[in-house]
Amino acid sequence: MTATPNSLFRHYLDSLIQQGTTRTSLTDEARNVLRTWYVTAKQGSRPAAAVPATPPSPPVSPEPPPQAEPAPASVSSGAPEPPELFPESREPASTVALPEGTMEDKLQYLRDLAQNWQPARELNSLRDTMVFATGNPHTELMLIGEAPGYYEEVQQEPFVGRAGEKLNQILKAMGLSRDMVYISNIVKFRPALPNQRTNNRAPTPEEIEACLPIIMNEIQVIQPKMIVALGGTAAVGLLGIQGSVSSMRGRFHDLNGIPVRVTYHPSYLLRSDSPREKRKVWEDMLAVMERLGMPISEKQRGYFLPRE
């Protein structure tokens, strides 16, 4: 099914709700788009005017009838086309030419490039402190989130604070640690809010598109055997497909030949203490472990299963 701008916008709002966001700011353009959708929907719900059974005869006029206007090239629904939230292609609009050298040289180049990445800076909607990545670049497993939050900005490291602790617990249950995997975000700067303190927001589609070339080149440099997309915003940004986490998880996706597993963001588990939800995330991690050929004990397979 082809995603519509309305459905993309609903997905974006759903992702905010999943992260616990209760308020968000709107640009003037966004307000105008929402107002257009509202007016169109309201007009579409009105009953049509009654049509007379026999239309009246047109009045006779000595003047010649006016010339008909040329037909338009395409038929419009009457409502202006809203701006596209996510393009269909995952090819970044801006290209990056990586230098020759070691993996570490290339990552340092991307780190320096991201610090003053103009497509992101020109938006004037992101804060100034860059949070790049952490972990081992010589790894088979790469985990990607959406953007840094308050604690990540303070420590300048992805996935710290309570969500980071939850991710550490997941990795430990897999037999891994932070220094054995590579952890990054699509957007390298904390999305800004008016009078912002510790409150966070999800990055907008525009912010994700601006920052996409950096993370795509990170993936090219790391060349992991597996990517885990943490949360719906990261999954939509990376894969360019639409849907909720529940509709995207449970199977592998493909990103330029690399399998991608979508699962819930660690912050989701902080809000849902249900063993059933924890089991969903753990089943995704078991699938990742199996695909990577990692050893799995019977004890690990039984985590978060209902007790008999």
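Heads up: the structure comes first, above all this text.
Here's what I pulled together on the structure shown here. Numbering of residues begins from 1 in every chain and follows the order in which that chain's sequence is written. Where totals are concerned, whole chains, interfaces and linings use all residues; where local detail is concerned, this predicted model gives features only for residues with pLDDT of at least 70, and gives and counts side-chain atom pairs only at 80 or more. Hydrogens and water molecules were not included; the side-chain quantities draw on all heavy atoms of the structure.

### Focus: the overall build of the protein
Now for step 1: By the criteria applied, helices consist of DSSP H or I runs no shorter than four residues and strands consist of E runs no shorter than two, each listed in order from the N terminus. Looking only at helices and strands, the protein has twelve helices and eight strands in total.
Now for step 2: Looking at the protein residue by residue over its 308 residues, the buried ones come to 44%.
Now for step 3: Looking at the protein as shown, the accessible area adds up to about 17900 Å², and 52% of this sits on carbon and sulfur atoms. Think of it in three bands: with a 1.4 Å probe and only protein chains considered, a residue is buried below 20% of the maximum accessible area for its type, exposed above 50%, and partly exposed in between. Under the convention used here, a 1.4 Å probe and the Shrake-Rupley method define accessible areas, while residue burial counts only the protein chains that appear.

### Here's the deal with the packing of aromatic side chains
Now for step 1: Pairing of aromatic rings covers Phe, Tyr and the six-membered ring of Trp, with a centre-to-centre limit of 6.5 Å; geometry is then stacked below 30 degrees between planes, edge-to-face above 60, and tilted otherwise. Here the structure, examined in full by the defined rule, presents four aromatic pairs.
Now for step 2: Relative to tyrosine 303, the ring of tryptophan 282 has its centre 5.3 Å away and its plane inclined at 45°; by these criteria the two rings are tilted. With a gap of 21 residues between them, tryptophan 282 in helix 11 (residues 275-292) and tyrosine 303 in the segment after helix 12 (298-301) connect regions that are remote in the sequence.
Now for step 3: By relative accessible area, which is 3% here, tryptophan 282 ends up buried.
Now for step 4: Residue classification places tyrosine 303 among the partly exposed residues on the basis of a relative accessible area of 25%.
Now for step 5: Pairwise contacts between aromatic rings join Trp282, Tyr303 and Phe304 into one cluster.
Now for step 6: The criterion for a charge sitting over a ring is simple: Lys NZ or Arg CZ within 6 Å of the ring centre, and within 35 degrees of the ring normal. The ring of phenylalanine 252 carries arginine 261 above its face, with NZ or CZ at 4.7 Å from the centroid.
Now for step 7: Over the ring of phenylalanine 252 we find arginine 291, and its NZ or CZ is 4.5 Å from the ring centre.

### Digging into unusual backbone geometry
Now for step 1: At glutamine 156, a position not held by glycine, the phi torsion is positive, near 55°.
Now for step 2: Tracing the chain through its elements places glutamine 156 in the loop between helix 5 (150-155) and helix 6 (161-173).
Now for step 3: In this model, asparagine 256 sits at a positive phi of 55°, which is unusual for a non-glycine residue.
Now for step 4: Assignment of secondary structure puts asparagine 256 in the loop between strand 7 (252-255) and strand 8 (258-263).
Now for step 5: Classification of asparagine 256 by relative accessible area gives exposed; the value is 64%.

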